[in-house]
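Here's the letter readout for the chains.
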Amino acid sequence: MSETDVNVSGVGEDIFANLTPIPLFELITGGWAARIFAAAVEMDLFGAMNRSGGLTCEQAEIELKIADRPADLLLAACASLGLLDKRGDVYTNSAISDEFLVEGKPYYFGGFVRYAERRQYPGWHNLPTALRTNRPTTWNPDEQDTVFDRGDQLVVSMFWEAMHSMSSFTGRVLTQALPDLAQRKALLDVGGGSGALAIEACRAFPDLRAAVFELPFVCEIAAQKITAAGFGDRISTEAGDFNVDDELPAGYDTISLSAVLHDWDEQTGRTLLEKCFRALPSGGKIVILEDLLNEARTGPARAALVGINMLVETEGGKNYSGGEYTAWLAATGFDDIATIPCQSVTTNSIIVASKP
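The structure displayed is predicted, hence computed values, not measured ones.

K.L.:
I tried to follow the confidence of the model for the protein chain on my own but got confused; where do I start?
P.N.:
Any segment with low pLDDT has predicted coordinates that should not be analysed in fine detail. Per-chain confidence: the protein chain averages 93 in pLDDT, with 93% of residues scoring 70 or above. Across residues 1–9, where pLDDT falls below 50, the model places one contact with residues more than four positions away in sequence or in other chains.

Given below as structure tokens:
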């Protein structure tokens, strides 16, 4: 072996001692984990575990109506992901699975898992198409007006229910981060979906009343959730379309936009902020809850990934930075703009501003 051969070999060994493709392989297995998770939800594994108090592999075969090999592999995989615990031969739900993945529980998250599996993942398979065409791949803009069109039965049947659990926790984070909401009288949650944020706000602040401003058919869904939560006397619905209506409802000293602005292009977002500004009285506050990108646009990863999801699911949506929202608010006329870091399922920051 020549001296040159030895030197090249040594350099190669040094490189591979510090740099491996393991992180790249973990990106691939992250996709596998998501599909395992979705399959377990679809098969009602966590409901079965809850009803039985735990299952051995042999019992899971019977309960799920699958053979021993897939049962063994599924249980092992779910345990490895923290979705199941195991004691002896018996698997049981982990705490997070028992709380959020058992259908019928108040904050059931499985609806979003099913929505992602049936709606989002097929669109993500065509991500190169979305990147090349700058068009969504989960629906056809030539056939419906927006991603939230009532004619889209998959959205109608699954999306709003899927978002309820996530929005509930965002509402909790909001009340913890902004305790001075207790001093406000009336909250209008624009694009408030099923009413989860308004419910959590009124649960935390007994003197607050609220309304959900949404498309008429979504108001029907919200009204059911509001009644079921016992807040029918304090939370109402206001039917409308913030992209079409010239004005938002007046009579509210606080307006919230939770995971709304990232669904739209910049001009649509700026126009919505102008409508919020006109609807608020002097001293009124606007509260924006979003997963913000950093100013360098290098992360956080979840915010960047949600941004790509906006490409797959919307015509103009993207995730923005705090600096961008601050500039929009200032240009609209808001002042006392502040950003409060937080952590929820769909939110890493709350931006608050006031109308002079």
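K.L.:
Help me out: how do you make sense of helix H2 (residues 22–42) in this one?
P.N.:
Since there are 3.6 residues in each turn of an α-helix, residues three or four apart along the chain are aligned in direction. Between its first and last C-alpha atoms H2 spans 30 Å; for 21 residues at 1.5 Å apiece the expected length is 30 Å, and the two agree. Listed in full, the buried residues belonging to H2 are Ala38, Ala40 and Val41. In the core, the buried residues of H2 are packed alongside helix H3 (45–52), helix H5 (68–80) and helix H7 (110–125). Backbone geometry just downstream of H2 places Asp44 in the positive-phi region, at approximately 60 degrees.

K.L.:
Just checking my understanding: could you explain the packing of aromatic side chains for this structure?
P.N.:
Think of a pair of aromatic rings as described by two things: how far the centres are apart, and how the planes are tilted against each other in angle. Tallying each qualifying case throughout the model produces 10 aromatic pairs. Ring geometry for Phe100 versus Phe169: centroids 5.4 Å apart, planes at 80 degrees, classification edge-to-face. Of this pair, Phe100 sits in helix H6 (residues 95–100) while Phe169 sits in helix H9 (residues 153–177), and the two are 69 residues apart along the sequence. Relative to Phe112, the ring of Phe109 has its centre 5.8 Å away and its plane inclined at 40 degrees; by these criteria the two rings are tilted. Residue classification places Phe112 among the buried positions, given a relative accessible area of 18%. Taken together, Phe100, Tyr107 and Phe169 form an aromatic cluster joined through their ring pairs. Against the face of Phe277 rests Lys355, its NZ or CZ located 4.7 Å from the ring centre.

K.L.:
I would appreciate a short explanation of unusual backbone geometry in the present structure.
P.N.:
With glycine set apart, most residues show a phi of negative sign, and most peptide bonds adopt trans. With omega at -5 degrees, the peptide bond leading from Gly299 into Pro300 counts as cis. On the secondary structure map, Pro300 appears in the loop between strand S7 (285–290) and helix H13 (301–313). Even without being glycine, Asn134 reaches a positive phi, approximately 60 degrees. Turning to its location among the elements, Asn134 is positioned in the loop between helix H8 (127–133) and H9. Look at Ala259: it is not a glycine, yet its phi comes out positive at around 50 degrees. Within the secondary structure, Ala259 is located in the loop between strand S6 (254–258) and helix H12 (266–279).

K.L.:
How do you make sense of the pairing of strand S1 (residues 84–87) when you look at a structure like this?
P.N.:
Within a regular beta strand, the side chains point alternately toward one face of the sheet and then the other, so they alternate between its two faces. Alignment of S1 against strand S2 (residues 90–93), held across four bridges, turns out to be antiparallel. Residue pairing across strands places Leu84 opposite Asn93, the latter belonging to S2. With antiparallel pairing between neighbouring strands as the criterion, S1 and S2 make up a hairpin whose turn holds two residues, including Gly88 at a positive phi of roughly 65 degrees.

K.L.:
Teacher, can you tell me more about the environment of Val218 here?
P.N.:
Take Val218: it is sitting in helix H11 (residues 216–229). Sequence separation of Val218 and Trp160 is 58 residues, and the distance between their C-alpha atoms is 7.9 Å. Leave out the neighbours within four places in its chain, and Val218 touches Trp160 and Gly193.

K.L.:
Whenever I open this one, the sheet that holds strand S8 (residues 335–341) confuses me. Can you help?
P.N.:
In sheet architecture, strand pairing relies on hydrogen bonds along the backbone and comes in two forms, parallel and antiparallel. Judged by pairing direction, the sheet is mixed, and its seven strands sit side by side in the order S5-S4-S3-S6-S7-S9-S8 without closing on themselves. Of all the strands in the sheet, just strand S5 (235–239) and S8 have a single pairing partner and so form its edges. Ignoring which end each strand starts from, the neighbouring axes of this sheet average 20 degrees apart. Pairing between S6 and S7: five bridges, direction parallel. Bridge pairing links Ser258 to Leu289 in S7.

K.L.:
I tried to follow the pairing of S7 on my own but got confused; where do I start?
P.N.:
Counting buried residues along S7, five of its six residues qualify, which places the element largely inside the surrounding structure. With H12 bridging S6 and its parallel neighbour S7, the resulting β-α-β unit is right-handed.

K.L.:
How should I be thinking about a negative patch on the surface in this particular structure?
P.N.:
Residues Glu58, Asp68, Asp72 and Asp89 make up a contiguous surface patch of negative charge. Mapped onto the secondary structure, Asp89 falls in the loop between S1 and S2.

K.L.:
Please explain the packing of H12 against helix H14 (residues 322–332) as it appears in this structure.
P.N.:
The description of two helices packed together rests on the angle between their axes and the distance between the axes. H14 packs onto H12 with a crossing angle of 45 degrees between their chain directions and a minimal axis gap of 10 Å. Classed by the angle they form, the pair H12 and H14 counts as oblique. The handedness of the crossing between H12 and H14 comes out as right-handed. Together, Glu266, Gly269, Arg270, Leu273, Glu274 and Phe277 of H12 and Trp328, Leu329, Ala331 and Thr332 of H14 make up the contact between the two elements. Taken together, the residues of the contact of H12 with H14 break down into five nonpolar, two polar and three charged.

How each quantity is defined
- For every chain, the first residue of the written sequence is number 1, and numbering continues from 1 onward in sequence order.
- With pLDDT at 70 or above as the cut-off, local features in this predicted model cover only qualifying residues; side-chain atom pairs require 80 or more to be listed or tallied, and sums for whole chains, interfaces and linings still use all residues.
- For side-chain calculations, the full set of non-hydrogen atoms in the structure is used, while hydrogens and water are omitted.
- Each residue carries a pLDDT value, the predictor's own confidence for that position, ranging from 0 to 100.
- The criterion used for residue contact is that any of the two residues' heavy atoms lie within 4.5 Å.
- A run of H or I in DSSP counts as a helix once it spans at least four residues, and a run of E counts as a strand once it spans at least two, with each numbered from the N terminus.
- Take the residue count of a helix, subtract one, and multiply by 1.5 Å to get its expected span.
- Relative accessibility decides the category of a residue: with a 1.4 Å probe and only protein chains considered, values under 20% of the type maximum give buried, values over 50% give exposed, and everything between is partly exposed.
- Ring pairs are drawn from Phe, Tyr and Trp, using the six-membered ring of Trp, whenever the two centres fall within 6.5 Å, and their geometry is named by plane angle: stacked under 30 degrees, edge-to-face over 60, tilted for the rest.
- Note on criteria: charge over ring means Lys NZ or Arg CZ within 6 Å of the ring centre, with the direction from the centre no more than 35 degrees off the ring normal.
- Here, a strand pair is defined by DSSP locating no fewer than two bridges between the strands.
- Every axis in this analysis is a line fitted to C-alpha atoms, fitted for helices over the stretch in contact. Angles between the N-to-C directions lie between 0 and 180 degrees.
- Here, the term right-handed applies to a crossover whose path from the first strand over the helix to the second runs clockwise when the strands point away from the viewer.
- The patches described consist of residues with a relative accessible area above 30% and no salt bridge, like charges being joined within 9 Å and nonpolar side chains (Val, Leu, Ile, Met, Phe, Trp, Tyr) within 5 Å.
- In these tables, accessible area is a Shrake-Rupley quantity obtained with a 1.4 Å probe, and a residue counts as shielded only by the protein chains included in the view.
- Counted as salt bridges are all cases of a side-chain nitrogen of Lys or Arg within 4 Å of a carboxyl oxygen of Asp or Glu.
- In this tally Asp and Glu are treated as negative and Lys and Arg as positive; neither His nor the chain ends contributes.
- Where a charge lies is defined by one atom per residue type: Lys uses NZ, Arg uses CZ, Asp uses CG and Glu uses CD.
- In this scheme, roughly parallel covers angles under 35 degrees and roughly antiparallel covers those over 145, while 65 to 115 is roughly perpendicular and the rest are oblique.
- Take the far helix as the reference: if the near one is turned anticlockwise from it by less than a right angle, the crossing is left-handed, and if turned clockwise, right-handed.
- By the convention adopted, Pro, Cys, Tyr, Trp, Phe, Met, Ile, Leu, Val and Ala count as nonpolar, Lys, Arg, Asp and Glu as charged, and the other residues, Gly among them, as polar.

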